[in-house]
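The chain contents come next:
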Amino acid sequence: MKAIRIHQFGGPEVLKLEEVPDLYPGERQAVVKIHAVGVNPFDTYIRTGTYALKPQLPYTPGADAAGVVTETGPGVKQFKVGDRVYVAGTISGAYAKFALCQESQVHPLPKNTSFPQGAAIGVPYATAYRALFDKAQSLPGETVLVHGASGGVGLAAVQLARAHGMTVIGTAGTERGKTLVSEQGAHHVLDHTQGDVPEQVKKFTADRGADVILEMLANKNLGKDLSMVALRGRIVVVGNRGTIEINPRDAMSRDATILAMTLFNLSDADRARVYAALDAALESGVARPVIAKEFPLAEAAKAHEEVMKPGSYGKIVLIP
Ligand code: NAP
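Quick caveat: nothing in here was measured; it's all calculated off a predicted structure.

## A look at the site of the ligand
Line of reasoning, step 1. Near the ligand lie 27 residues; those nearest to it are Tyr45, Ser150, His192, Leu263 and Ser312.
Line of reasoning, step 2. A distance of 2.9 Å is found between an oxygen atom of the ligand and a backbone nitrogen or oxygen belonging to Val153.
Line of reasoning, step 3. The backbone of Met261 places a nitrogen or oxygen atom 2.8 Å from a nitrogen atom of the ligand.
Line of reasoning, step 4. Taking 920 Å² as the accessible area of the ligand by itself, protein coverage stands at 88%.
Line of reasoning, step 5. Elements with a contribution of two residues or more to the shell around the ligand: helix 1 (41-48), helix 3 (122-135) and helix 4 (152-163).
Line of reasoning, step 6. Broken down by class, the residue content of the shell around the ligand amounts to 13 nonpolar, 13 polar and one charged.
Line of reasoning, step 7. Of the residues that make up the shell around the ligand, three or more belong to each of domain 1 (2-121 + 289-319) and domain 2 (124-264).

## With respect to helix 9 (residues 268-284)
Line of reasoning, step 1. The terminal C-alpha atoms of helix 9, which comprises 17 residues, lie 24 Å apart, in line with the 24 Å expected from a rise of 1.5 Å per residue.
Line of reasoning, step 2. All of the buried residues in helix 9 are Val274, Tyr275, Leu278, Asp279, Ala281 and Leu282. For helix 9, the angular spread of buried residues about the axis comes to 160°, placing them on one side. In helix 9, the exposed positions angled more than 90 degrees off the buried face are occupied by Ala269, Glu283 and Ser284.
Line of reasoning, step 3. In this structure, the buried residues of helix 9 make contact with strand 5 (84-88), strand 7 (106-108), helix 3 and helix 4.
Line of reasoning, step 4. After helix 9 finishes, the residue Gly285 shows a positive phi value of roughly 90°.

## Overview of the domain arrangement of the chain
Line of reasoning, step 1. When the domains of the chain are assigned, the result is domain 1 (2-121 + 289-319) and domain 2 (124-264).
Line of reasoning, step 2. Measuring from the centre of the C-alpha atoms in domain 1 to the corresponding centre in domain 2 gives 28 Å.
Line of reasoning, step 3. Of the residues lining the interface, 15 residues belong to domain 1; the matching set on domain 2 comes to 15 residues.
Line of reasoning, step 4. The interface formed by domain 1 and domain 2 includes zero salt bridges.

Each value, and the rule that gives it
- Within every chain, residues take consecutive numbers counted from 1 along the sequence as written.
- The predicted origin of the model limits local features to residues at a pLDDT of at least 70 and limits the giving and counting of side-chain atom pairs to 80 or more, whereas totals for whole chains, interfaces and linings rest on all residues.
- Side-chain metrics in this entry use all non-hydrogen atoms of the structure; hydrogen atoms and water are not considered.
- One heavy atom within 4 Å of a molecule or strand is enough for the residue carrying it to be called near that molecule or strand.
- Definition of a polar contact: a pair of N or O atoms within 3.5 Å, with one able to donate and the other able to accept a hydrogen when the atoms are protein atoms, and with sequence-neighbouring residues admitted only if both atoms are side-chain atoms.
- Throughout, the Shrake-Rupley method with a 1.4 Å probe supplies accessible areas, and for residues the shown protein chains are the sole cover considered.
- A run of H or I in DSSP becomes a helix once it reaches four residues, and a run of E becomes a strand once it reaches two; helices and strands are each numbered from the N terminus.
- We call Asp, Glu, Lys and Arg charged. Ala, Val, Leu, Ile, Met, Phe, Trp, Tyr, Cys and Pro are nonpolar, and the rest, Gly among them, are polar.
- What marks off one domain from the next here is an automatic or database domain assignment.
- By this rule the span expected of a helix is its residue count minus one, scaled by 1.5 Å.
- Residue exposure (1.4 Å probe, protein chains only): buried if accessible area is under 20% of the type maximum, exposed if over 50%, otherwise partly exposed.
- Taken from the helix axis, the directions to the C-beta atoms give the arc we talk about.
- In what follows, residue pairs with any heavy atoms lying within 4.5 Å of each other are defined as contacts.
- What counts as a salt bridge is simple: a side-chain nitrogen of Lys or Arg found within 4 Å of a carboxyl oxygen of Asp or Glu.

Shown next, in the form of structure tokens:
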């Protein structure tokens, strides 16, 4: 079968489509024929070899995908051959025609959800859920600022927060992105390329500030976030690409909490709980992934370039 392989860390050009051996399921494992693969910014960090998580070379990248179960190993109880599924993590890598998965990494894909949408769930929705509910302990009636709402994680956060009964303020860097954030449920939409986000957030919250801020680019915004978080507010650092100087007094004067997360630190029990909630959100229509662009699997390098560009509009997927 065909898969993208990385033999050395580096730029997008190290992603090569190659022939690899077929996969066979062991105990409590399944093989899934992949119809769509989710491209996460995280895949590009790992590819460079400078990220904390460094796989052994060569490897097939990717954590998220959706497709159909083609083979199950002994002891698999939740799925049968022919089931439509999404996968959140694999054993063999998702940028491929087929993936080998633990049964616990495989989830049902409802009929109303397409394969590309299924490939957009694993990392983005679990990150949004973890940040909103496990970390910030968000409550109905509170206001959340999704600072970077036009991408995979941001749109997931907007949808989940809106359904939770929160007032949602979302930001994007383009008019097209702002329209999408509004369509997906944000009550107010702002442009994070403009300097007036703190003033606008205060205006929308009668000067209180946002109770919860999910931050997609902390190295740019953490200082500003501290100026627009409410008394006893919580900021969750989800994304960061550098360093920043902040004034801790801004946090002190608000009794504010700065939290941070990496999805890959989830325990098995937390993972099972988070995906059970997401499976319900998909089934009920609360989770409605938005696809920005599709690339053929062979063009994985182009997709890696695209996912790091500004102007997000949902999720980028590969089609094997
Ligand atoms: P994505 O789909 O590429 O979206 C990136 C988002 O960041 C877009 O909404 C983009 O908006 C926004 N952005 C760009 N410049 C910004 C700025 N100055 N201020 C605020 N937002 C800005 O990526 P994603 O999958 O949603 O992930 C978002 C970030 O979280 C990435 O850095 C990713 O690595 C990280 N992440 C972390 C975890 C974790 O476990 N901690 C898990 C998943 C993702 P425009 O394009 O409209 O400007």
